[in-house]
Amino acid sequence: AQSVAQPEDQVNVAEGNPLTVKCTYSVSGNPYLFWYVQYPNRGLQFLLKYITGDNLVKGSYGFEAEFNKSQTSFHLKKPSALVSDSALYFCAVRAGSGGYNKLIFGAGTRLAVHP
Amino acid sequence: EPEVTQTPSHQVTQMGQEVILRCVPISNHLYFYWYRQILGQKVEFLVSFYNNEISEKSEIFDDQFSVERPDGSNFTLKIRSTKLEDSAMYFCASKNDGETQPQHFGDGTRLSIL
């Protein structure tokens, strides 16, 4: 069965420092992976996706993610964190094939960026 | 940029009552979804809908739940005879055609069952 793990409940980083939010996955077949961000009282906002091709994927707001097949990981990164990046981040994998397939989410990681 | 809109933002209902959560997906999208997030827990899939029928539903989506696309713009989730444990944030999502397209989410409806 497909699953996603986000091993850290919270990540703390100082503004200007690089950040990493970790995600590992378990799927049968090729993984379609996504990162979403959730700000307070808002829905899930799409950041980036990995489908195929380059292992480093660039997304919105300066975020990028590195796909590592051997480690079954898809870590979210940003070279220089902003206070405004503080939010809840969800990693997700698409379950199965077919255009309608559901997303399976990790438990989420709260990112706190301190001035 | 087009958005998925959900109404109401907060719904308070007595246990046992019926509730309808409403969503307007992005206009050219073809796939529609409902997810829920119980406070402090994961976002969980409820149901997917395509071509006017349910494509997949989770074990949570029992006979108490139903979905409908009554016209070309709205997508609704109905919960009959609500229970305390139905209290959660309910998210609607929609997706364009194509396997690699991401799902776009609304801001959610917070459902509180008293």
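Residues numbered from 1 in each chain as written. Chains lettered and ligands numbered in written order. Predicted model: local features only at pLDDT ≥ 70, side-chain atom pairs only at ≥ 80, totals over all residues. Heavy atoms only, no water.

1. Description of the overall build of chain B
Working step 1: A tally of helices and strands in chain B yields 0 helices and 11 strands.
Working step 2: Mapped from its N terminus to its C terminus, chain B presents α and β elements in the order β-β-β-β-β-β-β-β-β-β-β.
Working step 3: The C-alpha radius of gyration computed for chain B amounts to 13 Å, which stays within 12% of the reference 13 Å derived for 114 residues, consistent with globular compactness.
Working step 4: In terms of its C-alpha atoms, chain B occupies a principal-axis envelope of roughly 40 × 25 × 25 Å.
Working step 5: Expressed as a percentage of its 114 residues, the buried residues of chain B come to 46%.
Working step 6: Across chain B, every contact between residues at least 6 apart in sequence was considered, and the portion connecting residues at least 24 apart equals 53%.
Working step 7: Accessible surface, chain B as shown: approximately 5,700 Å² in total, 44% of it carbon and sulfur. (Helix = DSSP H or I, 4+ residues; strand = E, 2+ residues; numbered from the N terminus. Rg over C-alpha atoms; globule rule 2.2 N^0.38 Å. Buried < 20%, exposed > 50% of the residue type's maximum accessible area, 1.4 Å probe, protein only. Contact = heavy atoms within 4.5 Å. Areas by Shrake-Rupley, 256 points an atom, 1.4 Å probe, with all protein chains shown as cover.)

2. A word on the state of the cysteines
Working step 1: The full count for this structure, using the stated rule, is 2 disulfides over all chains.
Working step 2: The disulfide that involves A:C23 links it to A:C91, with 2.0 Å between the sulfurs. Residues A:C23 and A:C91 are joined through a disulfide that is left-handed, its torsion about the S-S bond being -65 degrees. Of this pair, A:C23 sits in the loop between β3 (19-21) and β4 (24-26) while A:C91 sits in strand β10 (residues 87-94), and the two are 68 residues apart along the sequence.
Working step 3: Take A:C23: its relative accessible area is 0%, and that puts it in the buried class.
Working step 4: Note that B:C23 is cross-linked by a disulfide to B:C92, the S-S spacing being 2.0 Å. Because the sign of the S-S torsion sets the handedness, a value of about -65 degrees for the bond joining B:C23 and B:C92 places this disulfide among the left-handed ones. Placement of B:C23 in strand β3 (residues 19-24) and of B:C92 in strand β9 (residues 88-95) is noted, with a sequence separation of 69 residues between them. Across this residue pair, the class does not change: B:C23 and B:C92 are buried. (Disulfide = S-S within 2.5 Å.)

3. Considering empty space enclosed by the protein
Working step 1: Under the criterion given, the structure shown has 1 cavity of 30 Å³ or more.
Working step 2: As a volume, the largest cavity reaches approximately 40 Å³.
Working step 3: Along the wall of the largest cavity there are 11 residues; nearest its centre are A:R94, A:L103, B:K95, B:Q101 and B:Q103.
Working step 4: In terms of residue class, the lining of the largest cavity is built from 4 nonpolar, 4 polar and 3 charged. (1 Å grid on protein atoms, 1.4 Å probe; cavity = no way out; pocket = protein on both sides within 12 Å on 5 of 7 lines; lining within 4 Å. Points joined across faces, edges and corners; volume = space filled by probe spheres on them. Nonpolar A, V, L, I, M, F, W, Y, C, P; charged D, E, K, R; others polar.)

4. Quick notes on the sheet that holds strand β7 (residues 65-68) of chain B
Residue and element names in this part refer to chain B.
Working step 1: Strand order in this open sheet of 4 strands is β1-β3-β8-β7, and the pairing throughout is antiparallel. At either end of the open sheet lies a strand with only one pairing partner, and these are β1 (5-7) and β7. On average, each strand axis in the sheet is inclined to that of its neighbour by 20 degrees, with strand direction left out of account.
Working step 2: When β7 meets strand β8 (residues 75-79), the two strands line up antiparallel, connected through 4 bridges. When the sheet's bridge partners are listed, E68 is paired in β8 with T76. (Pairing = 2+ DSSP bridges. Axes fitted to C-alpha atoms, helices over the stretch in contact; angles between N-to-C directions.)

5. Thoughts on the pairing of β9(B)
Residues and elements named next belong to chain B.
Working step 1: Most of β9 sits inside the fold, with 8 of its 8 residues counted as buried.
Working step 2: Side chains A88, Y90, C92 and S94 of β9 all project onto a buried face; the interleaved residues M89, F91, A93 and K95 project onto the opposite face, where all are buried too.
Working step 3: Relative to β9, strand β4 (residues 31-37) runs antiparallel, the two sharing 7 bridges. Within β9, the position partnered with F32 by the bridge is S94.
Working step 4: As judged from the 3 bridges shared by β9 and strand β11 (residues 109-113), these two strands associate in the antiparallel manner. Paired with M89 across the strands is R110, a residue of β11.
Working step 5: For β9 and strand β10 (residues 104-105), the ladder comprises 2 bridges, and the chain directions are antiparallel. Its bridge partner lying in β10, A93 is registered against F105.

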